[in-house]
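The primary structure of each chain is shown beneath.
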Amino acid sequence: MVDIRATVVVAGSINVDLIVGVPALPGPGETVLGRRFIQQNGGKSANQAVAAARVGAQVTMLGAVGADDLGRSALSGLEEAGVDTSRCRVIEDTHTGLALIVVDDGGENQIAVASGANARLDRAMIEAQTASLVPPEISVCLLGFEVHDEAVISAARWAAAHGLRIVVNPAPARALQDELLSFGPILTPNESEAMALSGASDPQAAASSLSARSGAPVVVTLGAEGALLFREGETERLPAMRVEPVDTTGAGDALNGILAAELARGADLREALRWAMVGATLKTTVAGAQAGLPSRETIAAYLD
C-alpha cells in the first residue's frame, strides 16, 4: 500500500543487468565458466526507486533510457513496482544503460557498466522533467552518481528550491562539487568511497571530513559490519543483522531507497537507517538487484 505522505523523487541511472553466476570471481585475463544467467532490470538509481516503492513510498523517477527493448523492459519493470516513470526521457540514438555482473558463490560481485542513455542525462533534461513537479512539503530527493554532475546538481538545485531533504549516494565515487555540497545533502558512501572522497584512512575520519564539507550528517555503509552514522560531531556504529548472503548486488541500493522512504515518512535519521539496514541485509538473501527488495511489513517483522 502506497503511503501518500512519503514522497521520494529519484534522479539517476536506469540499466538492465546481465548477471552470470560463477564459483569464483575471475582474475585479470582469466575466463571462468558460469553456472547460471539472469537478465534483470537495474541501475543504482532505478534499484533505489524500486526499494523506496516496495516499502510504500510514492516514487517519481527522473532519468533516461534508449529507444530499445531493454529500455522498454526497464521502464515497464519500474512501473510494475509502482514507480512513476512518466517524466523519464526515451532517447532515440543511443542504447539503454547496461551492467555486466559476475556473482560468485559467496555473494560477492564484479560489475562493468555501459552507461548509454544515462550518460546523456543533463541539466536541460532534468529541468524539463521537473518543470511542473511540485512534491508535498515533507519529501526526499535521492541522487546517484551513475549520471553526470550537471544532472545531479540540477536535480539538487530543484530539490533545494522546493524544500526537499536531499540524499546523495556518491557511487561510483568522484570529486564532490561545492555547489552540490552547498545544499547540505546527507551523503551515503560505502567505506571505500568515503575514504576516496575524503582522503582519510578510516571510515570515521572520512565521515567527519565529509560532514565538515557538507554541514550535514554522513552515513558510511560497512557491508556485513553494518554502518557508521556521523552527525553533529558524534559517531555511532550500527551493527548489521547476520544472514547467509546469496547475492550482495543491490544491497547498498536497498539501503538508500529505504532510507529515503523512511525519511520522507518523517522518521529520524537513525531510525530510518535502522529500517534501511535491515532491508539491505534481507535483500542479500535473494539473487538479483530488484527481485530481493523487501516490503515494509517484512522489515517490520524483523525489527519486532
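Below, the structure is looked at part by part. (Residues numbered from 1 in each chain as written. Predicted model: local features only at pLDDT ≥ 70, side-chain atom pairs only at ≥ 80, totals over all residues. Heavy atoms only, no water.)

Moving on to the overall build of the chain. Regarding its fold elements, the chain presents 10 helices and 15 strands. Here the C-alpha radius of gyration of the chain, 18 Å, is about what a compact globule of 304 residues would show, namely 19 Å. Taking the principal axes of its C-alpha atoms as reference, the chain extends roughly 50 × 45 × 40 Å. Of the contacts made within the chain by residues no fewer than 6 positions apart, 68% connect residues no fewer than 24 positions apart. As displayed, the chain has an accessible area near 12,500 Å², and 51% of this comes from carbon and sulfur atoms. Taking the average place of the 22 positive charges on the side chains of the chain and the average place of its 36 negative ones, the gap between the two points comes to 3 Å. (Helix = DSSP H or I, 4+ residues; strand = E, 2+ residues; numbered from the N terminus. Rg over C-alpha atoms; globule rule 2.2 N^0.38 Å. Contact = heavy atoms within 4.5 Å. Areas by Shrake-Rupley, 256 points an atom, 1.4 Å probe, with all protein chains shown as cover. Lys, Arg positive; Asp, Glu negative; His and termini not counted. Charge placed at Lys NZ, Arg CZ, Asp CG, Glu CD.)

Our next topic: the layout of surface pockets. If you add up the space inside the largest pocket, you get close to 1,200 Å³. Elements represented by at least two residues in the lining of the largest pocket include exactly β2 (15–21), α1 (44–54), β8 (97–103), β9 (109–114), α6 (191–198), α8 (251–264) and α9 (269–283). The element best represented in the lining of the largest pocket is α8, accounting for five residues. Taken together, the residues of the lining of the largest pocket sort by class into 19 nonpolar, 21 polar and eight charged. (1 Å grid on protein atoms, 1.4 Å probe; cavity = no way out; pocket = protein on both sides within 12 Å on 5 of 7 lines; lining within 4 Å. Points joined across faces, edges and corners; volume = space filled by probe spheres on them. Nonpolar A, V, L, I, M, F, W, Y, C, P; charged D, E, K, R; others polar.)

Across the interface, α1 lies against α8 with an axial gap of 7 Å and an inter-helix angle of 50°. In terms of axis orientation, α1 runs oblique to α8. As α1 runs across α8, the sense of the crossing is right-handed. Across the interface between the two elements, Lys44, Asn47, Gln48, Ala51 and Ala52 from α1 touch Asp253, Ala254, Asn256, Gly257, Ile258 and Ala261 from α8. (Axes fitted to C-alpha atoms, helices over the stretch in contact; angles between N-to-C directions. Parallel < 35°, antiparallel > 145°, perpendicular 65-115°, else oblique. Left-handed = near helix turned anticlockwise from the far one by under 90°.)

By the secondary structure assignment, Ser73 is in helix α2 (residues 69–80). The spatial distance from the C-alpha of Ser73 to the C-alpha of Thr60 is 17 Å, given a sequence separation of 13 residues.

Position of Ala6 among the secondary structure elements: in strand β1 (residues 3–11). C-alpha separation for the pair Ala6 and Ala261, spaced 255 residues apart in sequence, amounts to 6.2 Å. Look past the residues within four positions of Ala6 in its chain and what remains in contact with it is Ala57, Gln58, Ala261, Ala264 and Arg265.

As a further point, take α8. The terminal C-alpha atoms of α8 lie 20 Å apart, and with 14 residues this matches the ideal 20 Å at 1.5 Å per residue to within 8%. A large share of α8 lies buried, amounting to 13 of its 14 residues. Two residues or fewer after α8 comes Gly266, characterised by a positive phi angle close to 105°. (Expected span 1.5 Å × (residues − 1). Buried < 20%, exposed > 50% of the residue type's maximum accessible area, 1.4 Å probe, protein only.)

Another point: the side chain of Asn41. Position of Asn41 relative to the elements: it lies in strand β3 (residues 36–42). Setting aside residues up to four positions removed in sequence, Asn41 forms contacts with Asn15, Val16, Asp17, Asn47, Ser73, Ala74, Gly77 and Gln290.

Take the sheet that holds β9 next. The sheet built from four strands is open, its strands ordered β3-β2-β8-β9 with mixed pairing. Of all the strands in the sheet, the pair left with one neighbour each is β3 and β9. Sheet twist, expressed as the average angle between the axes of neighbouring strands with direction ignored, equals 20°. Here β2 pairs with β3 via seven bridges, running antiparallel. Bridge pairing in β3 places Leu18 opposite Gln39. Helix-sheet contacts for α2 involve β2, β3 and β8, and the interaxial angle to β3 is about 70°. (Pairing = 2+ DSSP bridges.)

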